Each structure stands twice: as structure tokens, then as C-alpha cells.
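Overview (structure and organization)
Now for the letters of each chain:
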Amino acid sequence: MTATDTGRDALSARLESGAQALALDLSAAQRAQLMDFLALLQKWNAVYNLTAVRDPGEMLTQHLLDSLAAVAPLRRHVHAAGLGAGGGMRPETVRLLDVGSGGGLPGVVFAICCPEVAVHCVDAVGKKAAFVQQAALTLGLRNVHGVHARVEALNARFDLVSCRAFASLPDFVRWSRTALAEPHGVWLAMKGRHPADEIAALPADVQVFHVEPLAVPGLDAERCIVWMRPAV
Ligand SMILES: C[S@@+](CC[C@H](N)C(=O)[O-])C[C@H]1O[C@@H](n2cnc3c(N)ncnc32)[C@H](O)[C@@H]1O
């Protein structure tokens, strides 16, 4: 066994215990894809400028586990809203747009954990979208698409529009509004501490229907999801 194998085994054990702490049901194949995605982020970070985090253990906590913390809430929403195969109301594939996805966070993690969701990772920087496209090919993820565009320029519509470390809530909803399928579409914004000021600055036609606290295993920091929808 090489030192690289040992490192991967240790990270893999941390991923498994993190998933357990999040009560996340992941198959062995999904855990392997997450580890392979982490390896791709590490390998190509210098070329594509994907993240300021360089240490693999830090990448695991700050990127993978942080994104994984939002998976159970995403699965719950997809199920409760009757989206996705077998959901009855809208049996076709669920469409999610991850705005300012960078190296595919959280979009690629969502796609690995939720195969019924077609994830489009949009970024204004071409090489980041190219990395996501390449990662999708390498990992065999047919439900991931890397899109090089500014979100404001998109014409397509999505059932869910997510972001992480992207912009203030008012800018996020303003720039992505035309990409949200109405009336059922929702925004899922991953944030640090409860962003009361940003919520207060939202336009009147956007309603926050839930601010959901998240606990990231191994991270002593506040995290939440701000769930929003168009106000009727
Ligand atoms: C701080 S990074 C966050 C990347 C990733 N979501 C993460 O959590 O690591 C913000 C990303 O938003 C992208 N971006 C900024 N403005 C954008 C726009 N109008 N449309 C699409 N992407 C944009 C940037 O290129 C950058 O990759």
C-alpha cells in the first residue's frame, strides 16, 4: 500500500463517518465518486484556480462535507414537492441550476447524491465550467452539465436554483430570477450565519419560507440554507 493509498483511506473513513453524522444514505459507489471528485479538485486546482483551500483534509471538510450537509434538505424538498421520477405531479427529471458553481460546489456533490436531479453548474469563468464538464465525464455522471455563461444570460428554466459562496441574497435572486421555473420553483442559498440583513433587503416579490440551520461534521462554524420562492 502506498502513502497515497493510506491518505485516501483516511479521507474515505472521514467521509463515511461524516455521512453517518449527517444521517445520509450513500451507496459505496456514491462514496467512491465523492472521493474521486475530491481527487480531481486536488489534481486540477492549480490549473483551474478552483479553490483557495489546498490541504486535502480541509477540502474534505470545507467543501465535500459542507456541500453534503445540504443533501438531506435537498432530497426532502424534491420528495415533498412531488418532483422527480415517481413523484406523480411532475414525473420528469428534476432540474437544478447551481449558480456560480466554480469547481462544482455544491452542484457535483448534489448530482452524485441525487441521481434523479439533472444538475447544471453555471459559471462565468470558462475554465471552471470546463473542469465541471471534464469531471462529469471522468466520474461517469450523466446528470451533470458544466455551463459557461453569466446566470443573467440563461434562457432555460429550473425547478431549483442553488448557490454557495456566490453573492448577496438580493443579487442572487435578481440575477437568477429568469432561470427559476414559476410558480413552483425555489431558491436554495447556502450561507454562513443567518443573513438577517440580506433577508431584509430582498425584493417584496420574494418570500423566505425557511431558514434551515446546518451542522457540518468537523466544522465549528454556523451554516444555514435560506429557502426562497416567488411571492404570490
Ligand atoms: C466564490 S466562487 C464560489 C464557487 C463555488 N460555488 C464554491 O462554493 O466553492 C463564486 C463563483 O461565482 C462565479 N460568478 C460570479 N458572477 C457570476 C455570474 N453572474 N454568473 C455566473 N457565475 C458567476 C465566479 O466565477 C466564481 O467561480
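Bear in mind that the values here come from a model prediction, so they are computed numbers and not experimental data.

Right, let's get into the packing of helix α2 (residues 28-48) against helix α6 (residues 126-139). Packed helices, taken two at a time, are described by the angle their axes make and the gap between the axes. With their axes 11 Å apart at the nearest point, α2 and α6 run at an angle of 145 degrees to one another. The hand of the α2/α6 crossing is right-handed. Along its contact with α2, which presents Gln 33, Asp 36, Phe 37, Leu 40, Leu 41, Trp 44, Val 47 and Tyr 48, the element α6 presents Lys 127, Lys 128, Phe 131, Ala 135, Thr 138 and Leu 139. Residues of the contact of α2 with α6, tallied by class, amount to 9 nonpolar, 2 polar and 3 charged.

Before going further, it helps to examine unusual backbone geometry. Going from Leu 105 to Pro 106, the amide bond is cis rather than trans, its omega being 5 degrees. By the element assignment, Pro 106 lies in the loop between β1 (94-99) and α5 (107-113). Residue Glu 182 is joined to Pro 183 through a cis peptide bond whose omega torsion reads 10 degrees. Structurally, the position occupied by Pro 183 is in the loop between α7 (169-176) and β5 (186-191). The phi angle at Asn 49 is positive, at roughly 55 degrees, despite the residue not being glycine. Within the fold, Asn 49 resides in the loop between α2 and α3 (56-68). Unusually for a residue other than glycine, Ala 165 sits at a positive phi of about 55 degrees. As for its position among the elements, Ala 165 is in the loop between β4 (160-164) and α7.

Another aspect to go through is the site of the ligand. Every one of the 15 residues lining the ligand counts as a neighbour, but Gly 100, Leu 105, Asp 123, Glu 152 and Arg 164 are closest to it. The contact in question runs from a nitrogen atom of the ligand to an N or O atom on the backbone of Leu 105, over 2.8 Å. Between a nitrogen atom of the ligand and a main-chain N or O atom of Ala 124, the distance comes to 3.2 Å. Surface burial for the ligand is 79%, taken as the share of its 600 Å² of free accessible area covered by protein chains. A breakdown of the residues in the shell around the ligand according to their chemical character gives 7 nonpolar, 3 polar and 5 charged.

The tally for this structure, following the rule as stated, stands at 5 aromatic pairs. When the centroid spacing of 5.6 Å and the interplanar angle of 55 degrees are considered together, the rings of Tyr 48 and Phe 131 count as tilted. Of this pair, Tyr 48 sits in helix α2 while Phe 131 sits in helix α6, and the two are 83 residues apart along the sequence. The exposure class of Tyr 48 is buried, given its relative accessible area of 17%. The class of Phe 131 is buried, set by a relative accessible area of 2%. Judged by centre distance (6.3 Å) and plane angle (80 degrees), the ring pair of Phe 166 and Phe 172 falls under edge-to-face. With relative accessibility at 0%, the residue Phe 172 sits in the buried group. Aromatic rings pair up to connect Trp 44, Tyr 48 and Phe 131 into one cluster. Of note, Arg 229 hangs over the ring of Phe 209, and the distance from its end group to the ring centre comes to 4.2 Å.

As a further point, take the packing of α2 against α3. In the contact formed by α2 and α3, the axes pass within 11 Å of each other and the chain directions differ by 130 degrees. Regarding the angle of α2 to α3, the classification is oblique. The two elements α2 and α3 meet at a crossing, and its hand is right-handed. Taken together, the residues of α3 that come into contact with α2 (itself represented by Leu 34, Phe 37, Leu 38, Leu 41, Gln 42 and Asn 45) are Pro 56, Met 59, Leu 60, Leu 64 and Leu 68.

Calculation notes
- Residues numbered from 1 in each chain as written.
- Predicted model: local features only at pLDDT ≥ 70, side-chain atom pairs only at ≥ 80, totals over all residues.
- Heavy atoms only, no water.
- Axes fitted to C-alpha atoms, helices over the stretch in contact; angles between N-to-C directions.
- Helix = DSSP H or I, 4+ residues; strand = E, 2+ residues; numbered from the N terminus.
- Left-handed = near helix turned anticlockwise from the far one by under 90°.
- Contact = heavy atoms within 4.5 Å.
- Nonpolar A, V, L, I, M, F, W, Y, C, P; charged D, E, K, R; others polar.
- Near = heavy atom within 4 Å.
- Polar contact = N/O pair within 3.5 Å; in protein donor to acceptor, adjacent residues only side chain to side chain.
- Areas by Shrake-Rupley, 256 points an atom, 1.4 Å probe, with all protein chains shown as cover.
- Phe/Tyr/Trp six-rings, centres within 6.5 Å; stacked < 30°, edge-to-face > 60°.
- Buried < 20%, exposed > 50% of the residue type's maximum accessible area, 1.4 Å probe, protein only.
- Lys NZ or Arg CZ within 6 Å of the ring centre and 35° of its normal.
- Parallel < 35°, antiparallel > 145°, perpendicular 65-115°, else oblique.

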